[in-house]
Protein chains: 2
Amino acid sequence: MRSDVILLGHGSGGKLSHELLDELIVPALSGLGQSDQNDAAVLAAQQGLLAFTTDSYVVDPIFFPGGNIGDLAIHGTVNDLAMVGARPIAISVGLIIEEGLAVHELRAILESMRAASRQAGVAIVTGDTKVVPRGKADKIFINTSGIGVIDHDVQISGSNARVGDKILINGTIGDHGMAVLASREGLQLESCITTDSAPLNNMVEVLVEKLGNQLHALRDPTRGGVATTLKEIAVQSRVEITLQETLLPINFAVAGACGILGLDPLFVANEGKLLAFVAPEAAEQALSIMLSHVHGKHAAIIGEVTSTAAGKVRLRTAIGGLRAIEMLAGEQLPRIC
Amino acid sequence: MRSDVILLGHGSGGKLSHELLDELIVPALSGLGQSDQNDAAVLAAQQGLLAFTTDSYVVDPIFFPGGNIGDLAIHGTVNDLAMVGARPIAISVGLIIEEGLAVHELRAILESMRAASRQAGVAIVTGDTKVVPRGKADKIFINTSGIGVIDHDVQISGSNARVGDKILINGTIGDHGMAVLASREGLQLESCITTDSAPLNNMVEVLVEKLGNQLHALRDPTRGGVATTLKEIAVQSRVEITLQETLLPINFAVAGACGILGLDPLFVANEGKLLAFVAPEAAEQALSIMLSHVHGKHAAIIGEVTSTAAGKVRLRTAIGGLRAIEMLAGEQLPRIC
């Protein structure tokens, strides 16, 4: 690269764009074949239903403890595919770059996208790069879209939770949101809080294989946190959910930071967590699958589906009361993903 | 909608986000089923190879003569799929909205996306919405990714152009770029120049069906224009291309505006045009297919593949000279798509 920063001309489609692609983006992402730059990637025929998802990432700051906007964007889209029981097969990367972004920052982001996609076992197959003038974006925004294949008969859907289901989560809540917030605000916390951003497709594959149709619903509690996600499922499945506050796994430092800032960790974003609704007789098996997985060491059963009172979520508090849980009303932490 | 403008909270993932989805985005786009908001859309199994593409749109201004950022985003992704011979089956929509965007503008954009996707015969199946603070984006950026199916045996690729091939274009060049530029700069041109933004998948389906393997390469000359796109194909296919200046179809008003501004229309973006490389014996048939199509009324044969001098593009000028054509070097017109 002849420039240390991204220039407007890098988005022209012309010579500078090709230079950016050939000298930085293609080598860093690697999956994008330089020899076959057609308008669309061509993939092998697939057996099974297809899953398709998209997410744009606008997180601020773009680097935070434990990750950056690049691996976050890969994990998020891999996880969205996994949440419908799909095996991710291909990811697209759409970059919107603000003129002036440092080339070394872009390279670091792209390299972490490559590492994250390899870890998740999915190929980055196509991409697009736009550059906008200084002050018209904020460093970099990344869209990742993904295709997955569903080659099993297990029906997983947010509308499929049933009375009696146990609700599991694969670890502590609120880590991602608090890591980003602490980093953004320059908070000097006693212990470092790092993002939980991680690919969950492998864990979901094991759950699908071992639990079969005893696995009813999956969702990753990102924006809006565990509370908003459970509310969505309660509405979609027309059921009532009861959570046990004492069972919620929470990192000590996250709990402390939330306390200081007056935030409820139930509403703070996660990026490497899933909520699983499973038939009660399969709950212990699901828990042990999670506990033995690298991304599930602090997994727990945190509640259950208690009735057909559609759309209700209740929290049984530590002192035995019941609290109604609603969706996040406004914007607690903007630009968390 | 309780607000006339988009608020930061509309990107929270919580209550305001759901209100935005349920009251504006889902009804306006319509394809996004409100009853099945899972993390990923699930599509039927497909026979054939899959095509996958992504594009982000950052055009400024977001409304311009003949279109807006919304239908442009649909056409662009439909066309990228068509350029590898794929039939588009599903599109995703990722919105990055600047806080303060007028709700009526967002509605108009979404409604034109719906109309464009219907015209192209493709469903919008999944989406994502992010909101960033005022001054951190420019009104709205849209990513559209798309899946297509290739269920024929015709090999279409930018690396497949061969010596002797005739090169066709389906109409006048430079219309989109000049429409956006004129609109952005408030130029008072004698006659209105409108974008050529259009879906080309139907035309490509007919070309594939009628020409079979006599159709070698397709590409839409967007950013960088006809010149840059031909240069790409000359490099990819390791051939030399010779264009005839007198054969290039160009709108009188576009030629005039380019003259006034000192722009070469060969480098100006198009959004409803394709360049087709076809075996010489099929060129007349390809031309008549284009001429009889609503998006090909001004189609022409504009040149041919003249030798194996890899990566060269030459223009035979109106007065009989030869001019070497290179890629667009810098940024002629930023944010044209």
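Residues numbered from 1 in each chain as written. Chains lettered and ligands numbered in written order. Predicted model: local features only at pLDDT ≥ 70, side-chain atom pairs only at ≥ 80, totals over all residues. Heavy atoms only, no water.

Student: How should I be thinking about the packing of aromatic side chains in this particular structure?
Tutor: Each aromatic ring pair is specified by the distance between its two centres and by the angle formed by the two planes. Counting across every chain of the model gives 2 aromatic pairs over all chains. Residues A:Phe52 and B:Phe52 carry aromatic rings whose centres are separated by 6.3 Å and whose planes lie at 80 degrees to one another, so their mutual orientation is edge-to-face. One end of the pair, A:Phe52, is in strand S2 (residues 49-57); the other, B:Phe52, is in strand S2 (residues 49-57), on a second chain. Residue class for B:Phe52 comes out buried when judged on its relative accessible area of 0%. Relative to B:Phe141, the ring of A:Phe141 has its centre 6.3 Å away and its plane inclined at 50 degrees; by these criteria the two rings are tilted. Here A:Phe141 is found in strand S7 (residues 140-150), whereas its partner B:Phe141 is found in strand S7 (residues 140-150) on a different chain. Taken individually, A:Phe141 and B:Phe141 each receive the classification buried, so the pair is uniform in this respect. It is A:Lys130 that lies over the ring of B:Tyr57; its NZ or CZ is 5.4 Å from the centre. (Phe/Tyr/Trp six-rings, centres within 6.5 Å; stacked < 30°, edge-to-face > 60°. Helix = DSSP H or I, 4+ residues; strand = E, 2+ residues; numbered from the N terminus. Buried < 20%, exposed > 50% of the residue type's maximum accessible area, 1.4 Å probe, protein only. Lys NZ or Arg CZ within 6 Å of the ring centre and 35° of its normal.)

Student: Explanation requested: the sheet that holds S2(B) in the structure shown.
Tutor: Sheet strands pair via backbone hydrogen bonds, and the direction of the pair is either parallel or antiparallel. As summarised here, the arrangement of the 5 strands in space is S1(A)-S2(B)-S7(B)-S5(B)-S6(B), forming an open sheet in which the pairing is mixed. Of all strands in the sheet, those with a lone pairing partner are strand S1 (41-43) of chain A together with strand S6 (123-132) of chain B, marking the two edges. The sheet shows a mean angle of 15 degrees between the axes of neighbouring strands, direction not considered. Across 9 bridges, the pairing between S2(B) and S7(B) is antiparallel. Looking at S7(B), one finds that B:Thr54 is bridged to B:Ser145. (Pairing = 2+ DSSP bridges. Axes fitted to C-alpha atoms, helices over the stretch in contact; angles between N-to-C directions.)

Student: I'm lost on the confidence of the model for chain A in this one. Help?
Tutor: Overall, the prediction assigns chain A a mean pLDDT of 94, with 97% of residues at 70 or greater. With pTM at 0.96, the complex prediction returns an ipTM value of 0.95. (pLDDT = per-residue confidence, 0-100.)

Student: What is the right way to look at a nonpolar patch on the surface in this model?
Tutor: A cluster of nonpolar side chains, contributed by A:Leu187, A:Ile260 and A:Leu261, occupies part of the molecular surface with about 280 Å² of accessible area. Looking at where A:Ile260 falls in the secondary structure, it is placed in helix H7 (residues 252-261). (Patch = residues over 30% accessible without salt bridge, like charges linked within 9 Å, V, L, I, M, F, W, Y side chains within 5 Å. Areas by Shrake-Rupley, 256 points an atom, 1.4 Å probe, with all protein chains shown as cover. Salt bridge = Lys/Arg side-chain N within 4 Å of Asp/Glu carboxyl O.)

Student: I tried to follow the interface of chain A and chain B on my own but got confused; where do I start?
Tutor: Where interface size is given, it is often the accessible area lost as the parts come together that is meant. Each side of the interface is counted separately: chain A has 78 residues, and chain B has 77 residues. Along the contact surface separating chain A from chain B lie 5 salt bridges. Residues B:Lys130 and A:Asp55 are paired through a salt bridge, measuring 3.4 Å at the closest nitrogen-oxygen approach. The interface formed by chain A and chain B holds 31 residue pairs in polar contact (both at pLDDT 80 or more) in total. Residue composition of the side of chain A that touches chain B, by class: 34 nonpolar, 29 polar and 15 charged. Of the pairings in the sheet, the one linking S1(A) to S2(B) comprises 3 bridges and is antiparallel in character. Looking at the pairing, A:Val42 lines up with B:Ala51 of S2(B). (Contact = heavy atoms within 4.5 Å. Polar contact = N/O pair within 3.5 Å; in protein donor to acceptor, adjacent residues only side chain to side chain. Nonpolar A, V, L, I, M, F, W, Y, C, P; charged D, E, K, R; others polar.)

Student: Hey, could you run me through the sheet that holds strand S1 (residues 41-43) of chain B in this one?
Tutor: Strands sit in the order S6(A)-S5(A)-S7(A)-S2(A)-S1(B) across an open sheet of 5 strands; the sheet is mixed. Every interior strand has two partners, whereas the edge strands, strand S6 (123-132) of chain A together with S1 of chain B, have only one. With strand direction ignored, the average angle separating the axes of adjacent strands in the sheet is 15 degrees. When strand S5 (residues 87-98) of chain A meets S6(A), the two strands line up parallel, connected through 9 bridges. Bridging from a neighbouring strand, A:Ile91 pairs with A:Ile124 of S6(A). Relative to S7(A), helix H2 (residues 69-82) of chain A is tilted by about 30 degrees, and along the sheet it contacts S2, S5, S6 and S7 of chain A.

Student: What exactly am I supposed to notice about the environment of A:Lys210 here?
Tutor: Residues and elements named next belong to chain A. Among the secondary structure elements, Lys-210 is positioned in helix H5 (residues 201-211). Lys-210 sits in the partly exposed class, given a relative accessible area of 47%. For the pair Lys-210 and Glu-185, spaced 25 residues apart in the sequence, the C-alpha separation amounts to 43 Å. Beyond its immediate sequence surroundings of up to four residues, Lys-210 is in contact with Gln-285 and Ile-289.

Student: Please clarify how the domain arrangement of chain A should be interpreted in this entry.
Tutor: All names here are of chain A. The assigned domain composition of chain A is domain 1 (8-150) and domain 2 (166-324). For domain 1 versus domain 2, the distance between C-alpha centres works out to 27 Å. With 22 residues of domain 1 at the contact, the number on the domain 2 side is 22 residues. Along the contact surface separating domain 1 from domain 2 lie 1 salt bridge. The partner of Asp-60 in a salt bridge is Arg-184, with the nearest N and O atoms 3.9 Å apart. Between domain 1 and domain 2 we count 8 residue pairs in polar contact (both at pLDDT 80 or more) in total. (Domains from an automatic or database assignment.)

Student: I'm lost on the relation of the copies chain A and chain B in this one. Help?
Tutor: Relating one copy of the chain to the other takes a rotation about an axis and a shift parallel to that axis. For the pair chain A and chain B, the relating rotation is 180 degrees, the translation along its axis is 0.0 Å, and the fit reaches an RMSD of 0.0 Å. These values place the two chain copies in the arrangement generated by a two-fold rotation axis. Distance from the rotation axis, computed per C-alpha, reaches its smallest value in chain A at A:Ala137: 2.0 Å. A high fraction, 99%, of the interface residues of chain A reappear at the interface in chain B, so the copies pair face to face through one surface. (Least-squares fit on C-alpha atoms with pLDDT ≥ 70 in both.)

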